[in-house]
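One letter stands for each residue in the lines below.
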Amino acid sequence: MDIKNAQLEVDNWIKEHGVRYFNELTNMAQLTEEVGEVARIIARRYGEQSEKESDKNKDLGEELADVLFVTLCLANQTGVDLQAAFDKRMYKKGKRDHDRHHNNEKLK
């Protein structure tokens, strides 16, 4: 699925199940909360913090999908074509970083 279709799928879900989008500030708060849940899993599972028993069944993929869902909501309600924005960003990063990382001694 491409990003444009993902935006459409989220919009259809909102219309069918969600009544309407939460306002942008509420969605921004939700996005922050979801990113925090991802950070908690990463910090405990891959970092130096010990993982609580209650966190061991948390699914990183589902939490990342929550971040994506809210990001798509924000894009939809603010009129951002995320596919076009992503394509533009990847092009810029490709030009800017083409040799940068290959020449980074820290990555060797």
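You'll find the structure just up there.
Residues numbered from 1 in each chain as written. Predicted model: local features only at pLDDT ≥ 70, side-chain atom pairs only at ≥ 80, totals over all residues. Heavy atoms only, no water.

**Q** Tell me about the overall build of the protein chain, and please be specific about residues and values.
**A** Counting secondary structure elements, the protein chain contains 4 helices and 0 strands. When the helices and strands of the protein chain are listed from N to C terminus, the series reads α-α-α-α. Radius of gyration (C-alpha) of the protein chain: 17 Å, far over the 13 Å computed for a compact globule of 108 residues. Counting only C-alpha atoms, the protein chain reaches 50 × 45 × 25 Å along its principal axes. Taking all 108 residues of the protein chain together, the buried fraction comes to 23%. A total of about 8300 Å² of accessible surface is found on the protein chain, and carbon and sulfur atoms cover 55% of it. Separation between the mean location of the 18 positive side-chain charges and that of the 21 negative ones in the protein chain comes to 8 Å. (Helix = DSSP H or I, 4+ residues; strand = E, 2+ residues; numbered from the N terminus. Rg over C-alpha atoms; globule rule 2.2 N^0.38 Å. Buried < 20%, exposed > 50% of the residue type's maximum accessible area, 1.4 Å probe, protein only. Areas by Shrake-Rupley, 256 points an atom, 1.4 Å probe, with all protein chains shown as cover. Lys, Arg positive; Asp, Glu negative; His and termini not counted. Charge placed at Lys NZ, Arg CZ, Asp CG, Glu CD.)

**Q** An account of the packing of aromatic side chains is requested, with residue identities and associated values reported.
**A** Applying the stated criterion across every chain, the model contains 1 aromatic pair. Relative to Phe69, the ring of Trp13 lies with its centre 5.6 Å away and its plane at 90 degrees, an arrangement referred to as edge-to-face. Within this pair, whereas Trp13 is found in helix α1 (residues 3–18), its partner Phe69 is found in helix α3 (residues 60–78), the two being separated by 56 residues in sequence. The exposure class of Trp13 is partly exposed, given its relative accessible area of 40%. Phe69 sits in the partly exposed class, given a relative accessible area of 29%. (Phe/Tyr/Trp six-rings, centres within 6.5 Å; stacked < 30°, edge-to-face > 60°.)

**Q** Could you give me a rundown of the pattern of salt bridges, with the residues and numbers involved?
**A** One side chain can pair with another of opposite charge once the charged atoms of both are near each other. Counted under the stated rule, the structure contains 10 salt bridges. With a closest N to O distance of 2.9 Å, Arg40 and Asp55 form a salt bridge. In this pair, Arg40 sits in helix α2 (residues 24–45) while Asp55 sits in the loop between α2 and α3, placing the two residues 15 residues apart along the sequence. On the basis of relative accessible area, Arg40 is assigned to the partly exposed category, the value being 32%. Residues Asp97 and Arg96 are paired through a salt bridge, measuring 2.8 Å at the closest nitrogen-oxygen approach. The exposure class assigned to Asp97 is buried, which follows from its relative accessible area of 10%. (Salt bridge = Lys/Arg side-chain N within 4 Å of Asp/Glu carboxyl O.)

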